[in-house]
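Observations on the three-dimensional arrangement
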Amino acid sequence: MRWWRLTLWIAAWFMTTAQTTYTDEDIKAMKARYERPPRPVLSADLPRKLLERKYEAPRLVEWMLPYQDWEEEYHQYFQRHYRDPRLTFKPSAIVMHYTVTPDAFSVRNMFLRGCKMSAGDKGTVFGHVSVQLMIGPSGNVYQLLPLDRRCTGAYGVNHVALSIEMVARNEAELLSRPDQVFSSFCLVRSLMRQFDIPANKVYAHYEVSAGRSVVSEYTDYADDTYPDRYPPASARTDPGKTYMRWLRQYLARVGPAPQE
Ligand SMILES: [Zn+2]
């Protein structure tokens, strides 16, 4: 039966050799199967496609937080940090953020639940974080508070600023969504027009976090240790420097929204 073994051995050798001989087509097919498509390289400067898009007046979808239930808490908050307990205002600045949380529902639920909030260098208090506006991944704009109502989204400037949250885990995710980014541009232009806010009063949360040397309105009467900036452990990076460069390049080209 030796010849059987020999035949098997030759057959096995032949198959192995045949299998390792790949054609260019085979290699292409394997690459397509196993390689992820290259991630688009994000431009450091405003992409032309965004600049060329036509302005769309934002349509605010009302998704209000129960801010009436938080009045006493907010009176105390604004008295503690700004020595001005009023709940309403005429906004004179805008602060841009991203949420870190991946979807709009969980962000809103986080606002509803409440959390431990900083009370300056006196520890923390239970309270409710809020923002006036939130932009979903596809560019929908949700209104969570009336626009003349102070929010607690940007510690240090909440007495003067509107806060806009963009739902994204990080800056790269945000910048990879042209509809969301463009929606934020249109919203900012619209608010600039509505409240007569100049482009140099559109801030990043990381700039507010750096404090009064960058953002002149920065105020905090509750922190004697860091009265003019965030404590280093609380420093912010949202919404990212590239997003802000795009936004500022855009605003420099187009200015506030056209009169409606
Ligand atoms: Zn933020």
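One structure accompanies this document, and this report is about it. (Residues numbered from 1 in each chain as written. Predicted model: local features only at pLDDT ≥ 70, side-chain atom pairs only at ≥ 80, totals over all residues. Heavy atoms only, no water.)

1. What about unusual backbone geometry?
A negative phi angle is the norm for most residues apart from glycine, just as the trans form is the norm for most peptide bonds. D238 connects to P239 through a cis peptide bond whose omega is 0°. Take P239: it is sitting in the loop between α8 (205-210) and α9 (241-254). Backbone geometry places R83, a non-glycine residue, at a positive phi of 50°. Structurally, the position occupied by R83 is in the loop between α4 (71-82) and β2 (93-98). R83 sits in the exposed class, given a relative accessible area of 56%. Unlike most non-glycine residues, V100 shows phi in positive territory, near 75°. Within the fold, V100 resides in the loop between β2 and α5 (104-113). (Helix = DSSP H or I, 4+ residues; strand = E, 2+ residues; numbered from the N terminus. Buried < 20%, exposed > 50% of the residue type's maximum accessible area, 1.4 Å probe, protein only.)

2. Examining the nonpolar core
In this structure, M96, F185 and Y243 are the most contacted members of the largest nonpolar core, which totals 37 residues. Counting residues per element, this core draws most heavily on helix α7 (residues 178-195), which supplies 9 residues. Among all residues touching F185, those that are not within four sequence positions of it are L46, L50, Y243, W246, L247 and Y250. Counting 32 residues, the second largest nonpolar core, distinct from the first, contains W63, L87, Y142 and Y203. (Core = buried A, V, L, I, M, F, W, Y, C linked by side-chain atoms within 4.5 Å. Contact = heavy atoms within 4.5 Å.)

3. Overview of the environment of S216
Within the secondary structure, S216 sits in the loop between α8 and α9. Spatially, the C-alpha atom of S216 lies 9.5 Å from that of D228, the residues being 12 residues apart in sequence. Sequence-distant contacts of S216, defined by excluding residues within four places in its chain, comprise K201 and Y203. In terms of polar contacts, S216 uses its side chain to reach the side chain of E217, at 3.4 Å. (Polar contact = N/O pair within 3.5 Å; in protein donor to acceptor, adjacent residues only side chain to side chain.)

4. A look at the packing of aromatic side chains
Each aromatic ring pair is summarised here by two numbers: the centre-to-centre distance and the angle between the ring planes. Overall, the coordinates contain 12 aromatic pairs when judged by the stated rule. Measuring from ring centre to ring centre gives 6.2 Å for F185 and Y243, while their planes differ by 45°; the resulting arrangement is tilted. Highlighted residues: F185 in helix α7 and Y243 in helix α9, separated in sequence by 58 residues. Pair check on accessibility: F185 and Y243 agree, each one buried. By way of ring pairs, the aromatic residues W70, Y74, Y77, F78 and Y82 are connected into one cluster. It is K241 that lies over the ring of Y206; its NZ or CZ is 5.8 Å from the centre. (Phe/Tyr/Trp six-rings, centres within 6.5 Å; stacked < 30°, edge-to-face > 60°. Lys NZ or Arg CZ within 6 Å of the ring centre and 35° of its normal.)

5. Quick notes on the pairing of strand β3 (residues 115-118)
Bridge count between β3 and strand β4 (residues 124-127): 4 bridges; the pairing is antiparallel. Opposite C115, over in β4, you have G127 as the bridge partner. Between β3 and β4, which pair antiparallel one after the other, the connecting turn spans 5 residues, and G120 there sits at a positive phi close to 70°. (Pairing = 2+ DSSP bridges.)

6. Some details on the layout of surface pockets
For the largest pocket, the calculated volume is near 670 Å³. Forming the boundary of the largest pocket are 31 residues, of which V129, T152, G153, H205 and R236 lie nearest the centre. When residues of the lining of the largest pocket are traced back to their parent elements, those giving at least two are β2, α5 and β3. In terms of residue class, the lining of the largest pocket is built from 13 nonpolar, 12 polar and 6 charged. Around the second largest pocket, the lining comprises 14 residues; the ones closest to its centre are E56, R59, G139, V141 and S183. Among the elements that line the lining of the second largest pocket, the one with the most residues is α7, at 4 residues. Class assignment of the residues belonging to the lining of the second largest pocket gives a composition of 6 nonpolar, 4 polar and 4 charged. (1 Å grid on protein atoms, 1.4 Å probe; cavity = no way out; pocket = protein on both sides within 12 Å on 5 of 7 lines; lining within 4 Å. Points joined across faces, edges and corners; volume = space filled by probe spheres on them. Nonpolar A, V, L, I, M, F, W, Y, C, P; charged D, E, K, R; others polar.)

7. So, the coordination of the zinc ion
Those donors, H97 (ND1), H205 (ND1) and D238 (OD), are the protein atoms that reach the zinc ion, and they lie 2.0 to 2.1 Å from it. Each donor residue of the zinc ion belongs to the same chain, and together they define the spacing H-x107-H-x32-D. Of this pair, H97 sits in strand β2 while D238 sits in the loop between α8 and α9, and the two are 141 residues apart along the sequence. The two residues H97 and D238 agree in class, both being buried. (Donors = N, O, S within 2.8 Å, 3.2 Å for Na, K, Ca; no water.)

8. Some remarks on a nonpolar patch on the surface
A cluster of nonpolar side chains, contributed by W3, W4 and L8, occupies part of the molecular surface with about 410 Å² of accessible area. As for its placement among the helices and strands, W3 is situated in helix α1 (residues 2-19). The exposure class of W3 is exposed, given its relative accessible area of 56%. (Patch = residues over 30% accessible without salt bridge, like charges linked within 9 Å, V, L, I, M, F, W, Y side chains within 5 Å. Areas by Shrake-Rupley, 256 points an atom, 1.4 Å probe, with all protein chains shown as cover. Salt bridge = Lys/Arg side-chain N within 4 Å of Asp/Glu carboxyl O.)

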